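# A structural walkthrough
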Amino acid sequence: MKAIRRFTVRTVLPEPLRPLQELAQNLRWSWHPETRELFQSVDPEGWPAVSGDPVRLLGTVSKERLSALAKDRRFLRRLAAAAEDLSDYLTNPRWYQGAAAEPDELPSAIAYFSPEFGITAALPQYSGGLGILAGDHLKAASDLGVPLIGVGLLYRHGYFRQSLSREGWQQEQYPVLDPNELPLALLREEDGTLASVVLALPGGRSLRAHIWKAQVGRVPLLLLDSDVEENHPNERDVTDRLYGGGSEHRLLQEMLLGIGGVRAVRTYCRLTGHPAPEVFHTNEGHAGFLGLERIRELSEADAPDALGDFDSALEAVRAGTVFTTHTPVPAGIDRFDRELVARHLGDGGELGGVDVQRVLELGMETYSGGDPNVFNMAVMGLRLAQRANGVSTLHGAVSRRMFAGLWPGFDPEEVPITSITNGVHAPTWIAPEVFRLGARQIGTQRAEDAMMIGRSDRWESVADIPDAAIWELRRVLREQLVEDVRRRVRASWRQRGAGLAELGWVDDVLDPDVLTIGFARRVPSYKRLTLMLRDQDRLMDMLLHPERPIQIVVAGKAHPADDGGKRLVQELVRFADDPRVRHRIVFLPDYDMAMAQHLYPGCDVWLNNPLRPLEACGTSGMKAALNGCLNLSVLDGWWDEWFDGNNGWAIPTADGFRAEDDPDRRDDIEATALYDLIEGQVAPRFYDHNGHGLPERWIEMVRHTLTTLGPKVLAGRMVREYVSRLYAPAARAHRAVSGDAARELAEWKRRLREQWPRVSVDHVEAGAVGGSPELGSTLTLRVQVALGELDPGDVDVQAVSGRVDESDRIADPSVVSLKATGRPDLDGRWHYEGPLTLDRTGPFGYTVRVLPTHAALATSAEPGLIAVPAESEGMTAGLLR
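Read on for a plain summary of the structure. (Residues numbered from 1 in each chain as written. Predicted model: local features only at pLDDT ≥ 70, side-chain atom pairs only at ≥ 80, totals over all residues. Heavy atoms only, no water.)

Moving on, we come to the pairing of strand β4 (residues 170–173). Taken together, the four bridges between strand β3 (residues 161–164) and β4 define a ladder with antiparallel strand orientation. When the sheet's bridge partners are listed, S163 is paired in β4 with Q171. Remark: five residues form the turn of the hairpin made by β3 and β4, two consecutive strands paired antiparallel; G168 in that turn has positive phi of roughly 85 degrees. (Pairing = 2+ DSSP bridges. Helix = DSSP H or I, 4+ residues; strand = E, 2+ residues; numbered from the N terminus.)

With that settled, consider helix α2 (residues 33–42). Considered for burial, the residues of α2 that qualify are T35, L38, F39, S41 and V42. An end-on view of α2 places all buried positions within 155 degrees of arc, on one side of the element. Buried residues in α2 make contact with α1 (19–25), α3 (46–49), α4 (54–58), α5 (63–69) and α6 (73–91). (Buried < 20%, exposed > 50% of the residue type's maximum accessible area, 1.4 Å probe, protein only. Arc of directions from axis to C-beta. Contact = heavy atoms within 4.5 Å.)

What follows covers the sheet that holds strand β21 (residues 759–766). The strand order across the open sheet built from four strands is β21-β22-β26-β25, with neighbouring strands paired in antiparallel fashion. Bordering the open sheet on either side are β21 and β25 (819–820), each of which pairs with just one other strand. By the bridge criterion, seven bridges tie β21 to strand β22 (residues 778–787) in an arrangement that is antiparallel. Looking at β22, one finds that V764 is bridged to V783.

Right, let's talk about the pairing of strand β16 (residues 550–555) for a bit. Of all six residues making up β16, six are buried, and the element is well covered by its neighbours. Burial of β16 is two-sided: the residues I550, I552 and V554 facing one way and the residues Q551, V553 and A555 facing the other way are all buried. Pairing geometry for strand β15 (residues 515–520) and β16, over six bridges, is parallel. Its bridge partner being in β16, L515 is matched across the sheet by I550. The parallel pair β15 and β16, bridged by helix α21 (residues 536–543), forms a crossover whose chirality is right-handed. The pairing of β16 with strand β17 (residues 585–588) spans four bridges and is classified as parallel. Residue pairing for β17: I552 is matched across the bridge by I585. (Right-handed = clockwise from strand over helix to strand, strands pointing away.)

Turning our eyes to something else, we now look at the sheet that holds strand β20 (residues 648–651). Within a sheet, each strand pairs with its neighbour through backbone hydrogen bonds, oriented either parallel or antiparallel. Judged by pairing direction, the sheet is parallel, and its six strands sit side by side in the order β17-β16-β15-β18-β19-β20 without closing on themselves. The sheet terminates laterally at β17 and β20, the two strands that pair on one side only. Ignoring which end each strand starts from, the neighbouring axes of this sheet average 20 degrees apart. For strand β18 (residues 605–608) and strand β19 (residues 630–634), the ladder comprises four bridges, and the chain directions are parallel. (Axes fitted to C-alpha atoms, helices over the stretch in contact; angles between N-to-C directions.)

Locating T239 in the fold gives a position in the loop between α8 (233–236) and α9 (247–272). When residues no more than four places from it in sequence are discounted, the contact partners of T239 are L153, L154, Y155, R156, L224, D225, S226, D227, Q253 and L256.

We now examine a positive patch on the surface. Taken together, the side chains of R73, R74, R77 and R78 define a basic patch exposed on the protein surface. On the secondary structure map, R77 appears in helix α6. (Patch = residues over 30% accessible without salt bridge, like charges linked within 9 Å, V, L, I, M, F, W, Y side chains within 5 Å. Areas by Shrake-Rupley, 256 points an atom, 1.4 Å probe, with all protein chains shown as cover. Salt bridge = Lys/Arg side-chain N within 4 Å of Asp/Glu carboxyl O. Lys, Arg positive; Asp, Glu negative; His and termini not counted. Charge placed at Lys NZ, Arg CZ, Asp CG, Glu CD.)

Attention now goes to unusual backbone geometry. Here R612 and P613 are connected by a cis peptide whose omega angle stands at 5 degrees. Following the sequence through the fold, P613 ends up in the loop between β18 and α24 (620–625). At D590, a residue that is not glycine, the phi angle is positive and equals roughly 65 degrees. Structurally, D590 is set in the loop between β17 and α23 (593–602).

Here we come to the packing of α9 against helix α12 (residues 338–345). Relative placement of two packed helices is described by the angle separating their axes and the distance separating the axes. Axis separation between α9 and α12 bottoms out at 11 Å; the angle between their running directions is 45 degrees. Between α9 and α12, the angle is such that the two are oblique. For α9 against α12, the interelement crossing comes out right-handed. Together, S247, E248, L251, L252, M255 and I259 of α9 and L340, V341, R343, H344 and L345 of α12 make up the contact between the two elements. Split into classes, the residues belonging to the contact of α9 with α12 amount to seven nonpolar, two polar and two charged. (Parallel < 35°, antiparallel > 145°, perpendicular 65-115°, else oblique. Left-handed = near helix turned anticlockwise from the far one by under 90°. Nonpolar A, V, L, I, M, F, W, Y, C, P; charged D, E, K, R; others polar.)

Next up, the structure:
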């Protein structure tokens, strides 16, 4: 019979074992080997059955075993040491506590919002790179002592589990997750009732959500759950699954994440005394509604720090908001129908007290080629955040071009979107064997510091590790991967309907002495899962080469609604099913963190072949590099900035080729380049052994990868950059732009927008230098500018100069501010003057422009206003030889 209700009965631990509960509930165990080893010793046989999840383990251990452990002095000493170590980790000062010269230079707290978080496979609330990045961000913040509060949603079905049909077609299952079986606790009010947030919906309905808390080391992660009895069935399903449902369903998810998330943070801080966040960081546009909720807070007349009007509240909110974009293509951005957004946020909806037209303007695509009838979440994110960034240097440039329409008149290079290259959390992704080898070389504490802080001198010690030790480590990791792959292949074929008698061949799948290439990621078309199959005969020859064979491990999930992606998976699976090569190439279904932690260390080469420049960062290659795996990648994302010729290989790309002319031609060209690299460079180097049986040149590349990339690819480096470049400036701006200062800034911008049509550069002249202009000569620029009712303190009049191209565009410009020479003339024009140094040879040009300036602006481009001479669509050019 089927139960009418399901719940979890928790184990009651004997008093001496009570610290196990705290250790299990703090997700630090997911990156702390000693704690995991302690739990494994609780029930060595049961540990694999619960997939290394301490919470599930404690629910399965027998009463007799617990009683025995409660009397085991050796175990109790280990338990006490682990509990003390966790206490020290949670309470002692860390990097952040000593990072600022003055205590108030850094934010008291930062709220970090993301639609998904990949902390551990035991908490399946992630689908791919965005969630893994968010999880690594939280872990690194914890290690560094950064006072972060994570905010997300609790999906009762998580992301789907993937299996294959006999024909190789992806199938999805959505197992129900019981939060009581997860490392979570409900947030409760002081009287013991469940804390909740409530959103108003059209038609008098409401959306209520409870707040679960996961403890990620020092960082609380708040997850909102709409599956509560008070909700209508439609509202209970809002947090049913990650990236599921139609447009309205997604809108409600993002309203709950952004608006409900702010309310959850307020509730958590009220109940725990945690400092209120000064900075709000939205990881992609999904959480962008958080800015609207904060505007609503500040617009309410009875709020303690009320500003009373939308514009003043907007300025106060923008000052303390950071927005990170992860998508390099417009199609990857959430866009909603304007009327749908208006219905949910206008009168009768959630933000009834806020002018819905002002809200809609924030998401309006007002630029050329934009659709005025949609509400763009990334556009809103950029308009609500004073600071924004992409996730690699190349992606920052792509983002500036993609969103340049929001700053008309500015070159893409000046669009105020910076970049902070992603990193990965080394304690999570470095194999224990790799860490132990480093610890033997420099000591455990120094090795831990290397993973968290990224000091290059710690990583340079890899140079002293003997070649034989490195090569033996690589073989051990490869052998572990082979064992894991065989287990997974057998399980997959059993799911596909194969009998045990059919699977004898699985014992020969992969070879621990063969060059192993890994490829694992989501399966959108631009990542090109099947590029390796463009010439199947040639690939087969490489797999079966008599002297230099390769083997390939592939994993990845296509979105459930992406039949094109599913066809790519099926094409790969069918090739891998071929009896001639199935011992050399495998597809592993249900790619997740647990699989990845074996896959990255066990591969010799990590393959990444997206369509450039559509990979925002691509952190899987970083995780592989931390384990001594070499990258074989298109120069995209992080690899574009850190490939140095000795840490892997760059796949040549046909960037100038017009794919629309012949969609297959570019793939053919780049697949051929990939085959050439593997056959001509990668495989020969791997198999080129010296008299001692060691591939010296390969090992040198592994050593170089670890010493040069190790300090760079760390999430600790990434989070430190966020603190110094974005969080600290945002906190200072938050403090500066509040109360009367916010009102003054809003009024200044109103006056600026009103007067800007009257701003113009009316006349420019340059004094002669005599004869032919020569390098080092100086011209005197004199400029007449009309400012309307603005005054010189509101603007910055700049001379922009540099080498020009054939179209008179200035490349790599020098910018010099000119000075006003006195009062305006009889026509009301202001006179500006300043030197123009001819500091470069060749074709040289200059122009003049007027930009707004204010102490509260992060950049002069922020308001999106610029005035240039009427003739200066191109540049005023002169030749300098």
